[in-house]
Amino acid sequence: MASFLTPTERYAAGGLLGLALHQAQIHQTHPLGSTSAQEEPDRHSTGSSTDSVSEDPQLWVNNNSGLLRPVFRILNIESNAWSGLEETAGSSPAKHHIGAFLRLLSEENDDTSPDMKDLELALSKAVDAMAESMETATSIQSKVERHREYENDRRQKFGTGTEPKDDVVPELLKGNEGTMCKIVRTVQADSDRSSLEETRMLSQQKKVTVLYELLSACLAGSAEDNKQQTKRAKGYDARHRLALRLLSTWFNIKWISMEAIETMVAISAMALSKEKTKDEERILPESSWRKWKRGGIIGAAAVTGGALMAITGGLAAPAIAAGLGALAPTLGTIIPVIGATGFAAAASAAGTVAGSIAVAASFGAAGAGLTGTKMAKRTGGIDEFEFKGVGENHGQGRLAVEILISGFVFEVDDFVKPWEGHYGNQESYALQWESENLIAVSTAIQDWLTSRVAMQLMKQGAMMTVLSTLLVALAWPATLLVAADFIDSKWAIALDRSDKAGRLLAEVLLKGLQGQRPVTLIGFSLGARVIFKCLQVLAETEHSASLVERVVLLGAPISFKDENWESARKMVAGRFVNAYSTNDWMLGLAFRASLLTKGLAGIQPIEVPGIENVNVTELIEGHSSYLWATQQILEQLELDEYYPVTGTLIKS
């Protein structure tokens, strides 16, 4: 099929995707800014001892992973070049090759017609307009005001009343963090700096075109019916999205522009899918539908949108053109910057994209897969498990999903309200789970912490030595021992339910109820434990590495030594953040000495390669602070940036 790019440019685009994939895999365990990352480990850092990419099944650029060759096929790259591109991506430092591929993209070529350049310009303008509309779609100020009201209410009801002073920071809690410092974003690696000059040679239109075609090829490639591909499921692979995120940074393209490209692809396919839905429902074999319902343990999953699309067939590439063409009048009105004529031109441009796009079929961009999903009956020891929509991005063609999980709650509203001030361009859901048990244990702990005895201990400074006492396994103060005995039974139930909820969350993701789109998982307290347990289950299951793009754990009640953090890390393509507070003695009270002697993620750094440890002590005055402080923590983490952060988050 026709393409915006010449054969040479498609070759270069495929090569850059391969380099970005391999760099992203390296950064999974050797984050940028670390000593090991500066040395830029080769492919052997992934665990392989072979000499060839073709013999190394653990590499993302290996054919076994199914991430590159389907894309090469859709881009119409000559098959005799595939193995060379794979070897280049997987065997040498990226900085040796990025510049060369960028120069190929920047070369003037006689094959590029004026009409094609006009279409490139139209596409670029459409992306700019879409990005602008996404930036201004929501009133951030109103969200901030609502969250401030919620914060004031929760502070008054559940704050400690006295902010603990971090006079004593036990040596065992310091880990290797060294001197406290403000938040620092890791600088770009040498491989990125060396390519800046070549990047400047590329026009904005060319950069947008390359990203557009690569995304289209990634989606189309995943929809191919290739029975030999056994290493990943169909859909928008989290590793592809991470590579495109890195490639955007190399191009110096704002991430929201990439999100705009995703949305344009999705809404185009959605527009055409509406015309086909009735026919598809009619021809869908009854046995397939019954099998799908029987196979899902979630009883009340929505029948429309993403859930239905996950079962039905794909869409051809002309869907992009047809969708944009049909939407041109509407989009032209909504986004007057480009107008209906501009979108019509973009529709013509989109029609030239190589390959077929299965957005509506496999990715559930219309939503509904999680909306309305809840337990119809008790399943796996869990009485309550329901997703609540957060924000305004539902049914808006977002190709990424965010699941937000509270784990220390006093009212049902606490499952949703802590996240309402969090804004982004993904489709967001809050998980409401086991509210009766969580409210019971949270209330029991908070009641004791605000009791006269606890407040007196706090004023005396005794509480700040609790963590140190626990870690060296000394005797507890009698008053704390009584409190722990009172809390133990409720806490044990909550731990058990959080582990089961994690297994159920993994089932949801494996069933594709999120629409086969990359997922970001964020949770605090026991909600963080749900996420960790979900990752552990995914690690035991084939085809799971494609699902999760980013993870943030805040105040996580998870021990070090009894858990396989390395396997959980492998299930997250991109950033994996552990936010901890050294003065969160509530976790110490709940977990007791037997577990604290093994280390606890919520109060200290995790010494596992690839995990960002971020100290949030300055923002957390007590465990309940996560209810209102999570939004500020997420803002400072800047999750949409590819590069990690280090140090201590401070009040702003």
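Residues numbered from 1 in each chain as written. Predicted model: local features only at pLDDT ≥ 70, side-chain atom pairs only at ≥ 80, totals over all residues. Heavy atoms only, no water.

Chemist: If you had to explain the overall build of the chain to someone new, which residues and values would you point to?
Modeler: In terms of helices and strands, the chain carries 26 helices and 9 strands. By residue count, 59% of the 652 residues in the chain fall in the buried class. Excluding contacts between residues fewer than 6 apart, the proportion of contacts in the chain whose partners are at least 24 apart in sequence is 83%. Total accessible area computed for the chain in this model is approximately 25000 Å², and 50% of it derives from carbon and sulfur atoms. (Helix = DSSP H or I, 4+ residues; strand = E, 2+ residues; numbered from the N terminus. Buried < 20%, exposed > 50% of the residue type's maximum accessible area, 1.4 Å probe, protein only. Contact = heavy atoms within 4.5 Å. Areas by Shrake-Rupley, 256 points an atom, 1.4 Å probe, with all protein chains shown as cover.)

Chemist: Give a description of the side chain of E213 that names residues and reports values.
Modeler: Here E213 lies in helix α11 (residues 204–222). Lacking a salt bridge, the buried E213 has R10 as its closest oppositely charged neighbour, with an N-O distance of 6.1 Å. Contacts of E213, omitting those with residues within four sequence positions, involve S3, F4, L5 and L75. (Lys, Arg positive; Asp, Glu negative; His and termini not counted. Salt bridge = Lys/Arg side-chain N within 4 Å of Asp/Glu carboxyl O.)

Chemist: Before we move on, can you summarise the side chain of K207 with the specific residues and values?
Modeler: Counting through the fold element by element, K207 comes out in helix α11. The class for K207 is buried, based on a relative accessible area of 8%. The residues contacting K207, other than those within four sequence positions of it, are T199, L202, F251 and I253.

Chemist: An account of the packing of aromatic side chains is needed here, citing residue identities and associated values.
Modeler: A full pass over the atoms with the stated rule returns 9 aromatic pairs. The interplanar angle of 85 degrees and the centroid separation of 5.6 Å between the aromatic rings of Y642 and Y643 together place this pair among those described as edge-to-face. The burial state of Y642 is the same as that of Y643; both residues are buried. In this structure an aromatic cluster arises from ring pairing among W419, F524 and Y626. (Phe/Tyr/Trp six-rings, centres within 6.5 Å; stacked < 30°, edge-to-face > 60°.)

Chemist: Hey, could you go over the sheet that holds strand β2 (residues 385–390) for me, with residue numbers and the actual values?
Modeler: Taken in spatial order, the 7 strands line up as β2-β4-β3-β5-β6-β7-β8 in an open sheet, and their pairing is mixed. A strand with exactly one partner marks an edge of an open sheet, and here the two such strands are β2 and β8 (612–615). Adjacent strand axes in the sheet meet at a mean angle of 20 degrees, parallel and antiparallel pairs treated alike. (Pairing = 2+ DSSP bridges. Axes fitted to C-alpha atoms, helices over the stretch in contact; angles between N-to-C directions.)

Chemist: Just give me the short version of the packing of helix α1 (residues 7–29) against helix α4 (residues 82–91), but keep the residues and values in it.
Modeler: The interhelical angle for the contact between α1 and α4, taken along N-to-C directions, is 35 degrees, at an axis separation of 8 Å. α4 is crossed by α1, and the crossing has right-handed handedness. Contacts between α1 and α4 involve Y11, G15, G18, L19 and H22 from the former and L85, T88, A89 and G90 from the latter. (Left-handed = near helix turned anticlockwise from the far one by under 90°.)

Chemist: Any chance you could break down helix α12 (residues 238–251) for me, citing the residues and the numbers?
Modeler: The terminal C-alpha atoms of α12 lie 20 Å apart, and with 14 residues this matches the ideal 20 Å at 1.5 Å per residue to within 8%. With 14 of 14 residues buried, α12 lies mostly within the body of the structure. Sitting at the head of α12, D237 places a side-chain oxygen 2.8 Å from the backbone nitrogen of R239. Residue N252 follows α12 closely and has a positive phi angle near 60 degrees. (Expected span 1.5 Å × (residues − 1). Polar contact = N/O pair within 3.5 Å; in protein donor to acceptor, adjacent residues only side chain to side chain.)

Chemist: An account of unusual backbone geometry is needed here, citing residue identities and associated values.
Modeler: Positive phi, normally seen in glycine, also occurs at N76, with a value near 60 degrees. Within the secondary structure, N76 sits in the loop between α3 (69–74) and α4. Positive phi values are uncommon outside glycine, yet E638 reaches one of about 50 degrees. In this structure, E638 sits in the loop between α26 (626–637) and β9 (645–646). The class for E638 is partly exposed, based on a relative accessible area of 39%.

Chemist: Could you give an account of the pattern of salt bridges, naming the residues involved and the relevant values?
Modeler: Working definition: two side chains of opposite charge can pair if their charged atoms are close together. Tallied over the entire structure, the rule returns 22 salt bridges. For R550, the salt bridge is made with D640, and the minimal N-O distance between the two is 3.2 Å. Here the residue R550 occupies a position in strand β6 (residues 548–554), and D640 occupies one in the loop between α26 and β9, the gap between them amounting to 90 residues. A single network of salt bridges, built from pairs that share partners, joins R241, R245, E262, E549, R550 and D640.

Chemist: Pulling in residues and values, what's your account of the confidence of the model for the chain?
Modeler: The predicted coordinates of low-pLDDT regions are not to be read in fine detail. Confidence in the prediction for the chain averages 74 pLDDT; 62% of positions are at 70 or higher. Across residues 161–181, where pLDDT falls below 50, the model places 34 contacts with residues more than four positions away in sequence or in other chains. (pLDDT = per-residue confidence, 0-100.)

Chemist: Kindly report on α4, identifying the contributing residues and their values.
Modeler: Of the positions making up α4, those classed as buried are W82, L85, E86, A89 and G90. Taken end-on, α4 shows its buried residues confined to a sector of 115 degrees, consistent with a single buried face. Each element contacted by the buried residues of α4 is listed here: α1, α3 and α5 (98–106). (Arc of directions from axis to C-beta.)

Chemist: Got a sec to walk through the pairing of β8? Specific residues and values, please.
Modeler: Remark: a regular strand shows side chains that alternate across the two faces of the sheet. Burial along β8 is two-sided: the face carrying E612 and V614 and the face carrying N613 and N615 are both buried. Relative to β8, strand β7 (residues 576–580) runs parallel, the two sharing 4 bridges. What sits directly across from A579, in β8, is V614.

Chemist: Any chance you could break down empty space enclosed by the protein for me, citing the residues and the numbers?
Modeler: Under the counting rule described, the total for this entry stands at 6 cavities of 30 Å³ or more. Each pocket or cavity is described by its volume, and for the largest cavity that value is around 170 Å³. Around the largest cavity, the lining is made up of 19 residues, and of these H27, R569, G574, R575 and Y642 lie nearest the centre. For the lining of the largest cavity, the element with the highest residue contribution is α1, accounting for 3 residues. Residues belonging to the lining of the largest cavity are distributed by class as follows: 9 nonpolar, 4 polar and 6 charged. (1 Å grid on protein atoms, 1.4 Å probe; cavity = no way out; pocket = protein on both sides within 12 Å on 5 of 7 lines; lining within 4 Å. Points joined across faces, edges and corners; volume = space filled by probe spheres on them. Nonpolar A, V, L, I, M, F, W, Y, C, P; charged D, E, K, R; others polar.)

Chemist: Account for the pairing of strand β4 (residues 427–433), naming residues and giving values.
Modeler: Of all 7 residues that make up β4, 7 are buried, and the element is covered over most of its length. Here β4 shows two buried faces, one formed by E427, Y429, L431 and W433 and the other by S428, A430 and Q432. Bridge count for β2 against β4 is 6 bridges, and the pairing is antiparallel. Bridge pairing in β4 places K388 opposite A430. Here 5 bridges tie strand β3 (residues 401–405) to β4, and the two strands are oriented parallel to one another. In the sheet register, L404 faces β4, and the bridge partner there is A430.

Chemist: Which residues make up the environment of K254, and what values go with them?
Modeler: One can find K254 in the loop between α12 and α13 (255–283). Of the residues examined, K254 reaches a relative accessible area of 63% and is grouped as exposed.

Chemist: Give me the lowdown on the packing of α1 against α5, citing residues and values where you can.
Modeler: At a minimum axis separation of 8 Å, α1 and α5 run at an interaxial angle of 155 degrees. By the angle class used here, α1 and α5 are roughly antiparallel. By crossing handedness, the relation of α1 to α5 is classed as left-handed. For the pair formed by α1 and α5, the contact residues are T8, E9, Y11, A12, A13, G15, L16 and L19 on the first element and I98, F101, L102, L104 and L105 on the second. Residue classes in the contact of α1 with α5 are distributed as 10 nonpolar, 2 polar and 1 charged. (Parallel < 35°, antiparallel > 145°, perpendicular 65-115°, else oblique.)

Chemist: Account for the nonpolar core, with residues named and values stated.
Modeler: Note on soluble globular proteins: their nonpolar side chains tend to be buried together. By size, the foremost hydrophobic cluster in this structure holds 84 residues, and its most contacted members are F385, I403, W433, L535, L553, W565 and L637. Look past the residues within four positions of W565 in its chain and what remains in contact with it is F532, L553, I558, S559, F560, F576, A601, I606, V608 and I611. Counting 73 residues, the second largest nonpolar core, distinct from the first, contains A24, V61, F72 and L247. (Core = buried A, V, L, I, M, F, W, Y, C linked by side-chain atoms within 4.5 Å.)

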